[in-house]
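# Understanding the architecture of this molecule
In case you want the letters, here they are:
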Amino acid sequence: MMGSFAKGEWYYSPEHAELCQVIETQTLWGETTCRVWLPGRDSVVRIPASRLKPLDSAGTGSPDDIAYIASAARVADALTQDVLLAPIESSVIPLPHQIRALSRAIANDRVRYLLADEVGLGKTIEAGLIMRELKLRGLVKRTLVVAPKGLVSQWVSEMRFHFGETFQLVLPEDIKTLKRIAPVSYPGNGNDDPAALSANAWQMFSQAVVPMDSVKPLDKRRGWSAAQVSEHNRERFEDLLSAGWDLVIVDEAHRLGGSTDQVARFKLGQALSEAAPYFLLLSATPHQGKTDAFHRLVSLIDAQEFADISSVTRERVQPYVIRTEKRRAIDADGKPLFKPRHTQLAPVSWKERHRDQQFLYEAVSEYVREGYNQALREKRSYIGFLMILMQRLVVSSTSAIRTTLERRLAALEVPQDQPSLFPLTSEEEWADLDGQEQMDLLLSTHLRALKNERAEVKRLLDAAIRCQQVGPDAKAEALLDWIYRLQAEEGDSELKVLVFTEFVPTQEMLQQFLTERGFSVVCLNGSMDMRERKQVQEAFAKDARILISTDAGGEGLNLQFCHVVINYDIPWNPMRLEQR
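Position numbers for residues count from 1 along each chain, tracking the sequence in the order it is written. Under the rules for a predicted model, residues below a pLDDT of 70 receive no local features and side-chain atom pairs below 80 are neither given nor counted, while totals for whole chains, interfaces and linings still include all residues. No hydrogens and no water enter the side-chain calculation; it runs on all heavy atoms of the structure.

## Quick word on the pattern of salt bridges
- In the sections that follow, a salt bridge refers to a side-chain nitrogen of Lys or Arg positioned within 4 Å of a carboxyl oxygen of Asp or Glu. Evaluated as defined, the whole model comprises 26 salt bridges.
- For Arg 316, the salt bridge is made with Glu 305, and the minimal N-O distance between the two is 3.2 Å. Of the two residues, Arg 316 sits in helix H10 (residues 314–317) while Glu 305 sits in the loop between helix H9 (291–299) and H10, which places them eleven residues apart along the sequence.
- What makes Arg 316 partly exposed here is its relative accessible area of 35%.
- A salt bridge links Arg 355 to Glu 352, with the shortest nitrogen-to-oxygen separation between them at 2.2 Å. In this structure, Arg 355 and Glu 352 share a single accessibility class: exposed.
- Within this structure, Arg 132, Lys 135 and Glu 165 form a network of salt bridges that share partners. Secondary structure is summarised from DSSP: a helix means a run of H or I of at least four residues, a strand means a run of E of at least two, and numbering begins at the N terminus for each. Three exposure classes are used, based on accessible area relative to the maximum for each residue type with a 1.4 Å probe and protein chains only: buried under 20%, partly exposed in between, and exposed over 50%.

Below, the structure written as structure tokens:
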């Protein structure tokens, strides 16, 4: 038997009845074990070296065997010549910038990058190509994807559709069940051994997708004991990290930066960065105007290179970032993928017929001003959040402020024996929510009333009801004028328009308003599941003229056929405008 097994050499495995390539060898107590890639099964396994045979003694003499060896040789040659395999065998046809991203990532043995293409350029496809390339080269077998909850189903779908890869979606409610059915290891001689090792449920799947906030570590939780917090962290955080991943991919990775190095998401990021040799961060907006948060983000790629904030310079960051801007993106024929972006600010003015709306706006503004100042004096930050949200609601639509005032009045009329409990603990968690989610959270929380608030809310609600009876919002009329103007400018009576709003009541009002004026309208919001979202996107791609979406509903949208976006509301976090 041969005395050495060089990395990259090819042998025959009788056990698997196919050729294999040596990735690495390890000798322990005189016994050599090889980690080999089986191209026919697209898998990596460990085999004792004594079981491998040289190619000349493999007995591969049939026509099929010869063809197989020739194909394997071509694959091996491609690897040595830096030819990319993933684009050849996947169903997706990569764009030039996606090929460049793959080529640059694979050119370095240390595949740890920030994929920072602008929105709509296919970072998910790039990550999938890199994953497939690493798998085809025998470098990756176990892959973990961590993404916001609104994107996890899309990751599972796209990996299956574009790359034929099956990923298991693991939601928070699944973890206890997986823990229960996972096989248990018995180090003793019998199944009754009290020293049975607890199973790591995460090792049941070689490819998994999990929501980001379901696996972040907890320091404490209201109503939980230290033992409960510890058990939660072990099942969702510690076991996940110790499951032996080869590649970790984090989508919307800017969320890991956090406000300090003590927040849970940054701790999750640090742990994930150490959990696998290959690490990809995906974000269209990695630098959100905060250098300290960006430093924490890039430190996850290389903690030594970015030891402190002074190390974050354009020259030092550039080798770790792969980014394409829309204005530079081209198709296979060298033509621009996108039209140049033109941004316009559309003023909305009140006319005489909008007198009641102006009164409502001014009255709500005064209520917000007094309530916010009282919240500051009493150090009740959650009331301050509610006041700011009220101002955004009255700017959005009469329908949105009326719905909220009705819910607030109902809450004020319920006896409040329990103290106020505000469930969010960080600014990052609040900023991640869209307007509707913020509204639902605040109004479902038992917030103690301000002085004379019940009478004031009743007065404002009466004013909002009068407004709705008078006629449409001035802002809705301005939207209609803009749609007609854009149709004329484009010379397209069937022009498709994507409208973003923050609030579901505004969405419902606009749908009715535009439908009554002859437009075909569909809506997306965070309450819809993947099947409903897909149906809406298909309807918009075919006959529907206008899609009205909230930010939660619009996560992960791919609407390349629509180039007109109207921001009906401005989000709490202005970086969401870039992500829309």
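So much for the structure itself; the text now carries on.
## Structural notes on the confidence of the model for the protein
- Confidence of the predictor at the level of single residues is given by pLDDT, which spans 0 to 100. The share of residues in the protein with pLDDT of 70 or more is 85%, and the mean pLDDT across the chain is 85.
- Mean pLDDT per element in the protein: helix H1 (residues 63–80) is the minimum at 59, and strand E9 (residues 247–250) is the maximum at 98.

## Some remarks on the side chain of His 254
- Topologically, His 254 is positioned in the loop between E9 and helix H8 (264–275).
- Here His 254 falls in the buried class, since its relative accessible area comes to 14%.
- A polar contact of 2.7 Å, which involves the side chain of His 254, links it to the side chain of Ser 283. We define a polar contact as two N or O atoms separated by no more than 3.5 Å, with the added condition that, inside protein, one atom must be a possible hydrogen donor and the other a possible acceptor, whereas residues neighbouring each other in sequence contribute only through side-chain atom pairs.

## Here we look at a negative patch on the surface
- Among the surface-exposed residues, Glu 489, Glu 490, Asp 492 and Glu 494 lie close enough to one another that they form a single negatively charged patch.
- Mapped onto the elements of the fold, Glu 489 is located in helix H17 (residues 474–490). Like-charged residues are merged into a patch within 9 Å and nonpolar side chains (Val, Leu, Ile, Met, Phe, Trp, Tyr) within 5 Å, provided each residue has over 30% relative accessible area and no salt bridge. Here the open area of atoms and residues is found with the Shrake-Rupley method and a 1.4 Å probe, where only the protein chains shown may cover a residue. All tallies of charge rest on Lys and Arg as positive and Asp and Glu as negative; His and the ends of each chain are not included. Note on charges: their place is set at NZ of Lys, CZ of Arg, CG of Asp or CD of Glu.

## A short note on the nonpolar core
- Side-chain atoms within 4.5 Å link the members of a nonpolar core, which is a set of buried Ala, Val, Leu, Ile, Met, Phe, Trp, Tyr and Cys residues. If you look at the biggest cluster of nonpolar residues, it comprises 44 residues, and the most contacted ones within it are Leu 144, Trp 202, Trp 245, Val 248, Val 250, Leu 272 and Leu 281.
- Among the elements of the structure, strand E6 (143–147), helix H6 (175–181), strand E8 (207–211), helix H7 (226–241), E9, H8, strand E10 (278–282) and H9 are those that each provide at least two residues to this core.
- If one sorts the elements of this core by residue count, H8 sits on top with five residues.
- Once residues lying within four places of it in the same chain are set aside, the contact partners of Trp 202 are Arg 142, Val 170, Ile 175, Val 210, Val 215, Glu 235, Arg 236, Asp 239, Leu 240, Ala 243 and Trp 245. In what follows, residue pairs with any heavy atoms lying within 4.5 Å of each other are defined as contacts.

## Quick look at the sheet that holds strand E7 (residues 168–169)
- Paired strands, as defined in this entry, are two strands with at least two bridges between them according to DSSP. Strands sit in the order E7-E8-E6-E9-E10-E5-E11 across an open sheet of seven strands; the sheet is parallel. Only two strands of the sheet have a single partner each, and these edge strands are E7 and strand E11 (321–322).
- Relative to E11, strand E5 (residues 112–115) runs parallel, the two sharing two bridges. Bridge pairing in E11 places Leu 114 opposite Val 321.
- Fitting a line to C-alpha atoms yields each axis, with helices limited to the stretch in contact; the angle taken between N-to-C directions then spans 0 to 180 degrees. Set on the sheet, H8 makes contact with E5, E6, E9 and E10; between it and E10 the angle comes to about 145°.

## Section: the pairing of E6
- Within E6, five of the five residues are buried, leaving the element largely enclosed by the surrounding structure.
- Burial along E6 is two-sided: Thr 143, Val 145 and Ala 147 and Leu 144 and Val 146, pointing in opposite directions, are all buried.
- Here E6 runs beside E8; their pairing, made up of five bridges, is parallel. The residue bridging Val 146 from the neighbouring strand is Val 210, located in E8.
- Two strands pair when backbone bridges link them, and E6 and E9 are joined in this way by four bridges, in the parallel orientation. In the sheet register, Val 146 faces E9, and the bridge partner there is Val 250.

## Brief notes about helix H4 (residues 123–136)
- Helix span is expected to be 1.5 Å times the residue number reduced by one. Over its 14 residues, H4 extends 20 Å from the first C-alpha to the last, a length consistent with the 20 Å expected when each residue adds 1.5 Å.
- Across the 14 residues of H4, 14 count as buried, placing the element largely inside the fold.
- Of the residues one or two after H4, Gly 138 is the one with positive phi, at around 75°.

## Details of the sheet that holds strand E14 (residues 546–549)
- If you trace the four strands from one edge of the open sheet to the other, you get E13-E14-E12-E15, paired in parallel fashion. The sheet is open, and its two edges are formed by strand E13 (521–524) and strand E15 (565–567), each paired on a single side. Along the sheet, successive strands turn relative to each other by an average axial angle of 20°, direction set aside.
- Pairing of strand E12 (residues 497–500) with E15 involves three bridges; the strand directions are parallel. Bridge assignment links Leu 498 to a residue of E15, and that residue is Val 565.

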